[in-house]
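Examination of the molecular architecture
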There are 2 protein chains.
Amino acid sequence: MIAFQPTSPLETVLSPPLRFADRTYRMVPSETRALFSMAAREDVVSLAGGMPSPEALPAEALRAVLQEVLATEGPSVLQYGSAQGDPVLREQICEVMAAEGVTASPDEVLVTVGSQQALDLVTRVFVNPGDSVVTEGPTYVTALSTFAAHQARIVEVAMDRDGVIPQALADTFALLAGEGRPAKFYYTVPTFQNPTGRVLGADRRKEVLDICRRAGVLVVEDNPYGLLHFGEQPHRALCADAPEGVVYLGSFSKTLAPGLRVGWVRAPRTVTGKLVLAAESAMLSASGLTQRAVSRFLSTTSWQGHLGVARSLYRDRRDAMLAELAATMPDGVSWTVPDGGFFVWLTLPGELDTRAMMARAIGGGVAYVPGTGFHTRGGERNLRLSYSYPSVSQVREGVRRLSDVIRAEAGDGAVRLREAVAR
Amino acid sequence: MIAFQPTSPLETVLSPPLRFADRTYRMVPSETRALFSMAAREDVVSLAGGMPSPEALPAEALRAVLQEVLATEGPSVLQYGSAQGDPVLREQICEVMAAEGVTASPDEVLVTVGSQQALDLVTRVFVNPGDSVVTEGPTYVTALSTFAAHQARIVEVAMDRDGVIPQALADTFALLAGEGRPAKFYYTVPTFQNPTGRVLGADRRKEVLDICRRAGVLVVEDNPYGLLHFGEQPHRALCADAPEGVVYLGSFSKTLAPGLRVGWVRAPRTVTGKLVLAAESAMLSASGLTQRAVSRFLSTTSWQGHLGVARSLYRDRRDAMLAELAATMPDGVSWTVPDGGFFVWLTLPGELDTRAMMARAIGGGVAYVPGTGFHTRGGERNLRLSYSYPSVSQVREGVRRLSDVIRAEAGDGAVRLREAVAR
């Protein structure tokens, strides 16, 4: 009778005690992701997930380029690749970043498994347990879980309609430095932020860079949505004006296809060198097949044409969501007006709790993400709506259902809502 | 003039001080990988890298399955996927593991970016800085860098021809427990080990499992080569006889294609749950496209037929290497006789240093990996040869060149070699 036989009644006794690392106890399932299963119900219009639209995924073009890649580069793309990533793709990534004013060289770029891995590697390379990381409040939900998994102390800075409030950022840096725990970096999504859809104003960009420079704090600029702008021109990346002070995270997940899992990080060379070593011990290298597929897509199809189609698709859905919000939401509910990206951020009157309301919303046939998912604390009055995945008619139907849920939640008519607003 | 302008002479002054995490200073370039650039020279026969043979990469079959996957599952495989991995692939992975006696359920399996990511996630979930990890000595080079990146204390246990020495393993566990720093886990490659090609004997497997059970130490079984056996039957996995005490790492990199970056980890459910959360914060999910490609390959082509072709290809190269070693190596040089996998491990007489010899070997037109790469210390007398990538004639030529280099290194004739052996 061998030890550990699954049939052994003593199995649990015989099992080794599981002594996890301290960080592992900080890893808890995200409330947000738990919701997605509920939101997947047939009768529910989901405005929760931030997935790109299926219509914006160039399946046919990718089928063609994968054909060519395997026919012409078969053995090499199926082999182990460079830990830093395909050299040709890294050159093309520099061209992509140039659209937002960034001047980068391929040796500053590391190709990653989506920008999520880039964020994880940056955190791994900079953060000791207990180190402070400063973020916008609210911010991207999985950034919070990545920082938590690395046992970072997360400090949120308030935003207004133009993005993070510069004085509040400066005060936070000063406070942390005063405590002898200066921020390791400032994590920001300055363009079409997740979850608010807000853009950091042009003047504020210079102000924020100057505050970070004076405080000696590195900026981690996460920019997955920048090229999905509804205005004529893309916004200038923070990295464009401070290459030595900014680590830039990019991704093809929103502009091409998440399933390829191709993102990148551009950093000052010293940092990139460490990130490459971290990537090597984390995965050896990213998939040569998907990297070459993206590279060939960029070189053989109309990237700009593809982006143009995606922009107008998302603009139409944004328009539908804003129109329906204006037409159906009760007084006292306010929302952001995104000029790109995937998200609208709602603020409800003070008495309502979007987490408590979620179950009733699902019952009412609509799903959203409660604001609490994007904060270390607070956010009960807020919720995130995404217009990227559902069709225009689904967007309209979902917003109508949500308006009904909020009205019902607020009780008889909008009376208490008006009171709440009056307060 | 904006801060950080790359043109600014003050740029370095204006750059934020880079305060890396403590672990980052443990991340150093691997001596082994540095060699690969040299080994890539046209006139050098490389017996260094452990890449699969190009002839064993089913480029055409993968082209076909990728076509089908994108034609029939286009939008879904290009979207975000489950953090745990494709459910169908996880079922097929359980069937693959069954060949080595493992009874696993899909909910115990996490699909990863190669088994390297599986090892990184397991280390992340279990190891605090300073925690002890026990390994075979020598062991897989990138496992050492992953453990180092997580600031683990690496403790090697000696091997003989039948694998790790059980008593030495038991003594090591006792020593660490006595120091109040019990091993977090025992990392082992029991079948066709990298770098030695050795197999842990059947009786020793039970002995090792029993030692680990009594010491309460979790086993991390890394098994990328198990299905590339030259004998009739595969070896029974450690995990087959101790599912609650063993975390099993698997990979399609050696049996299908590294460029797909599809591997997995099978662990007790409690551990798998933590690994899924770690994977989510590390990359959200692995590529749905490459996962579905592997899944469809397994379901629509002859996996066994493919493995059979790969086995005979590698067996022929192994035979060529062993024959040439026997025909050309001077007295005093000994080597392992692998019954599967990719590697042969050489031991030279005491006066030779394989690291010092490397430059002259490159000059002599052959590359190998010095033994020092596979140890935290020591290994100067050893070197690893791989027969997986070069052709049979290249293998023979490479070994002939290496024999000449060793003879020259040993000085005039085999005199000093014989002396060395006599000592």
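Cut-offs and rules
Residue numbers here run from 1 along each chain, matching the order of that chain's written sequence. Ligands are numbered from 1 and chains lettered from A, in the order in which they are written. In view of the model being predicted, local features appear only for residues whose pLDDT reaches at least 70, and side-chain atom pairs are presented and counted only at 80 or more, with totals across whole chains, interfaces and linings using the full set of residues. Values shown for side chains rest on all heavy atoms present in the structure; no hydrogens or waters enter the calculation. Numbered from the N terminus, helices here are DSSP runs of H or I no shorter than four residues, and strands are runs of E no shorter than two. For this measure, only C-alpha atoms enter the radius of gyration; the expected value for a globule follows 2.2 Å times N^0.38, where N is the number of residues. The classification of residues rests on relative accessible area computed with a 1.4 Å probe and restricted to protein chains. Under 20% of the type maximum is buried, over 50% is exposed, and intermediate values are partly exposed. We call two residues in contact when some of their heavy atoms are within 4.5 Å. Each accessible area is a Shrake-Rupley result for a 1.4 Å probe, and residues are judged covered by the shown protein chains and nothing else. Under the convention used here, Asp and Glu are negative, Lys and Arg are positive, and both His and the chain ends fall outside the count. For charged residues, the charge sits on one atom: NZ in Lys, CZ in Arg, CG in Asp, CD in Glu. The atoms used to superpose the copies are C-alpha atoms, taken from residues with pLDDT of at least 70 in both, and the fit is least squares. DSSP bridges decide pairing: two strands pair if at least two such bridges lie between them. Two parts placed together each lose some accessible area under a 1.4 Å probe, and adding up what both lose gives the buried area. Salt bridge criterion: a side-chain nitrogen from Lys or Arg within 4 Å of a carboxyl oxygen from Asp or Glu. Here a polar contact is taken to be a pair of N or O atoms separated by no more than 3.5 Å, where protein atoms must pair a possible hydrogen donor with a possible acceptor and residues adjacent in sequence count only if both atoms sit in side chains. The nonpolar class holds Ala, Val, Leu, Ile, Met, Phe, Trp, Tyr, Cys and Pro. Asp, Glu, Lys and Arg form the charged class, and all remaining residues, Gly among them, are polar. What pLDDT reports is the predictor's confidence in each residue, on a scale of 0 through 100. Axis definition: a line fitted to C-alpha atoms, limited for helices to the stretch in contact. Angles are taken between N-to-C directions and run from 0 to 180 degrees. Any two rings among Phe, Tyr and Trp, with Trp reduced to its six-membered ring, count as a pair given centres within 6.5 Å; such a pair is stacked if its planes are under 30 degrees apart, edge-to-face if over 60, and tilted if neither. Angle categories: roughly parallel below 35 degrees, roughly antiparallel above 145, roughly perpendicular from 65 to 115, and oblique for all the rest. Residues belong to one nonpolar core when they are buried, are Ala, Val, Leu, Ile, Met, Phe, Trp, Tyr or Cys, and are joined through side-chain atoms within 4.5 Å.

1. Regarding the overall build of chain A
The number of helices and strands found in chain A is 15 helices and 14 strands. By the compact-globule yardstick of 22 Å for 423 residues, chain A fits well, its C-alpha radius of gyration being 23 Å. On the principal axes, the C-alpha backbone points of chain A span a range of 65 × 65 × 50 Å. Evaluated residue by residue, chain A yields a buried proportion of 64% over its 423 residues. Across chain A, contacts joining residues at least 24 apart in sequence account for 74% of those joining residues at least 6 apart. Accessible surface, chain A as shown: approximately 14,400 Å² in total, 53% of it carbon and sulfur. Taken as two groups, the 42 positive and 45 negative side-chain charges of chain A have centres that lie 2 Å from each other.

2. Some words on the relation of the copies chain B and chain A
It takes a turn of 180° to lay chain B on chain A, together with a shift of 0.0 Å along the axis; the resulting RMSD is 0.0 Å. In short, the pair behaves as if placed about a two-fold rotation axis. Of the interface residues in chain B, 100% have counterparts in chain A that sit at the interface too, so the contact is made through matching surfaces.

3. Considering the sheet that holds strand β9 (residues 263-266) of chain B
Residues and elements named next belong to chain B. The 8 strands lie next to each other as β2-β9-β8-β7-β6-β3-β4-β5, forming an open sheet whose pairing is mixed. Of all strands in the sheet, those bounded by a partner on one side alone are β2 (109-112) and β5 (163-164). Looking at chain direction, strand β3 (residues 132-137) and strand β4 (residues 153-160) are connected through 6 bridges and run parallel. Note on β4: the bridge partner recorded for V134 is V155.

4. Points about the interface of chain B and chain A
Between chain B and chain A, the contact holds 96 residues from the first and 96 residues from the second. Together chain B and chain A conceal approximately 8,100 Å² of surface at their shared face, both sides included; 63% is due to carbon and sulfur atoms. Applying the counting criterion to the chain B and chain A interface returns 2 salt bridges. With a shortest N-O distance of 2.6 Å, B:R124 and A:D120 are connected by a salt bridge. The interface formed by chain B and chain A includes 38 residue pairs in polar contact (both at pLDDT 80 or more). Mapped onto the side of chain B that touches chain A, the elements with two or more residues apiece are α1 (11-14), α3 (59-77), α5 (114-126), α6 (141-149), α8 (202-215), α10 (269-283) and α11 (288-300) of chain B. The leading source of residues in the side of chain B that touches chain A is α3(B), at 10 residues. Here the residues of the side of chain B that touches chain A sort into 52 nonpolar, 26 polar and 18 charged.

5. A few points about the confidence of the model for chain A
Residue and element names in this part refer to chain A. On average, chain A scores 92 in pLDDT, and the residues at 70 or more come to 92%. Low pLDDT, under 50, characterises residues 1-13; the stretch is placed with 23 contacts to residues that sit more than four places away or in other chains. Our summary of model confidence lists the complex with pTM equal to 0.93 and ipTM equal to 0.92.

6. Points about the pattern of salt bridges
Should their charged atoms come close, side chains of opposite charge can pair. This structure, assessed with the given rule, holds 48 salt bridges over all chains. For A:D241, the salt bridge identified is with A:R236, shortest N-O distance 2.7 Å. By relative accessible area, A:R236 is classed as partly exposed at 41%. The residue B:E397 makes a salt bridge to B:R401 at a minimum N-O spacing of 2.8 Å. Highlighted residues: B:E397 and B:R401, both in helix α14 (residues 392-409), separated by 4 residues, approximately one helical turn. B:R401 sits in the partly exposed class, given a relative accessible area of 23%. Here the salt bridges share partners, and the residues they tie into one network are A:E68, A:E73, A:D86, A:R292 and A:R296.

7. Description of the sheet that holds strand β7 (residues 218-222) of chain A
Residues and elements named next belong to chain A. Pairing in this open sheet of 8 strands is mixed, and the strands run β2-β9-β8-β7-β6-β3-β4-β5 from one edge to the other. Every other strand in the sheet has two partners, leaving β2 (109-112) and β5 (163-164) as the edge strands with one partner each. Bridge count between strand β6 (residues 183-188) and β7: 4 bridges; the pairing is parallel. Across the sheet, residue T188 finds its bridge partner in β7, namely E221. Across the sheet, helix α7 (residues 166-178) lies against β3 (132-137), β4 (153-160), β5 and β6, angled at about 160° from β4, the strand it touches most.

8. Focus on the pairing of β9(B)
Residues and elements named next belong to chain B. On β9, burial covers both faces: G263 and V265 on one face and W264 and R266 on the other are all buried. Summarising the sheet, β2 and β9 pair through 4 bridges and their orientation is antiparallel. Among the inter-strand pairings, V111 is bridged to a residue of β9, identified as W264. In this sheet, β9 lies alongside strand β8 (residues 246-251) in antiparallel orientation, the contact comprising 4 bridges. Within β9, the residue paired with S251 across the bridge is G263.

9. Brief notes about the packing of aromatic side chains
Applying the stated rule across the entire model yields 29 aromatic pairs over all chains. Seen in terms of ring centroids, A:F20 and B:F126 are 5.2 Å apart; in terms of plane orientation they differ by 25°. Their pairing is stacked. Placement of A:F20 in the loop between α1 (11-14) and α2 (31-39) and of B:F126 in helix α5 is noted, with the two residues assigned to different chains. Across the pair, exposure class does not vary: A:F20 and B:F126 are buried alike. With a centroid separation of 4.8 Å and 50° between ring planes, the pair formed by B:Y314 and B:F342 is classed as tilted. Residue B:Y314 is located in helix α12 (residues 303-328), and its partner B:F342 is located in the loop between β10 (334-335) and β11 (343-347); the two are separated by 28 residues in the primary sequence. Aromatic ring contacts, followed pair by pair, group A:F126, A:F147, A:F185, A:Y187, B:F20 and B:Y25 into a single cluster.

10. Quick look at the packing of helix α3 (residues 59-77) of chain A against α3(B)
Where α3(A) meets α3(B), the closest approach of the two axes is 10 Å, and the angle between their N-to-C directions is 180°. When the interaxial angle is binned, α3(A) and α3(B) end up roughly antiparallel. Within the contact between the two elements, α3(A) uses A:A59, A:L62, A:R63, A:L66, A:Q67, A:L70, A:A71 and A:G74 and α3(B) uses B:A59, B:L62, B:R63, B:L66, B:Q67, B:L70, B:A71 and B:G74. A class-by-class count of the residues in the contact of α3(A) with α3(B) yields 10 nonpolar, 4 polar and 2 charged.

11. Re the side chain of B:R318
Residues and elements named next belong to chain B. Tracing the backbone shows R318 in helix α12. Separated by 2.8 Å, the side chains of R318 and D319 make a polar contact. If near-sequence neighbours (up to four positions away) are discounted, R318 is found in contact with F230, P338, D339 and Y387.

12. As for the nonpolar core
Taken as a class, soluble globular proteins show a tendency for nonpolar side chains to be buried jointly. Core analysis: the biggest nonpolar cluster contains 275 residues, and A:F185, A:F252, A:L402, B:F185, B:F252 and B:L402 have the highest contact counts within it. With near-sequence residues (within four places) excluded, A:F252 lies in contact with A:L89, A:I93, A:V96, A:A257, A:V262, A:G263, A:W264, A:V294, A:L298 and A:W303.

13. Here's the deal with the side chain of B:Q117
Mapped onto the elements, B:Q117 comes out in helix α5. When neighbours within four sequence positions are excluded, B:Q117 is seen to be in contact with A:A282, A:M283, B:T112, B:A282 and B:M283.

14. A closer look at the environment of A:L313
Here A:L313 shows up in helix α12 (residues 303-328). It is 16 Å that separates the C-alpha atoms of A:L313 and A:L47, two residues lying 266 residues apart in sequence.

15. Comments concerning unusual backbone geometry
Omega for the bond connecting A:G137 with A:P138 falls within 30 degrees of zero, at 5°, which places this linkage in the cis form. Mapped onto the elements, A:P138 comes out in the loop between β3 and α6 (141-149). Here A:N194 and A:P195 are connected by a cis peptide whose omega angle stands at 20°. Position of A:P195 among the secondary structure elements: in the loop between β6 and α8 (202-215). Positive phi, close to 55°, is recorded for B:F192, a residue that is not glycine. Positionally, B:F192 belongs in the loop between β6 (185-188) and α8. Take B:F192: its relative accessible area is 0%, and that puts it in the buried class.

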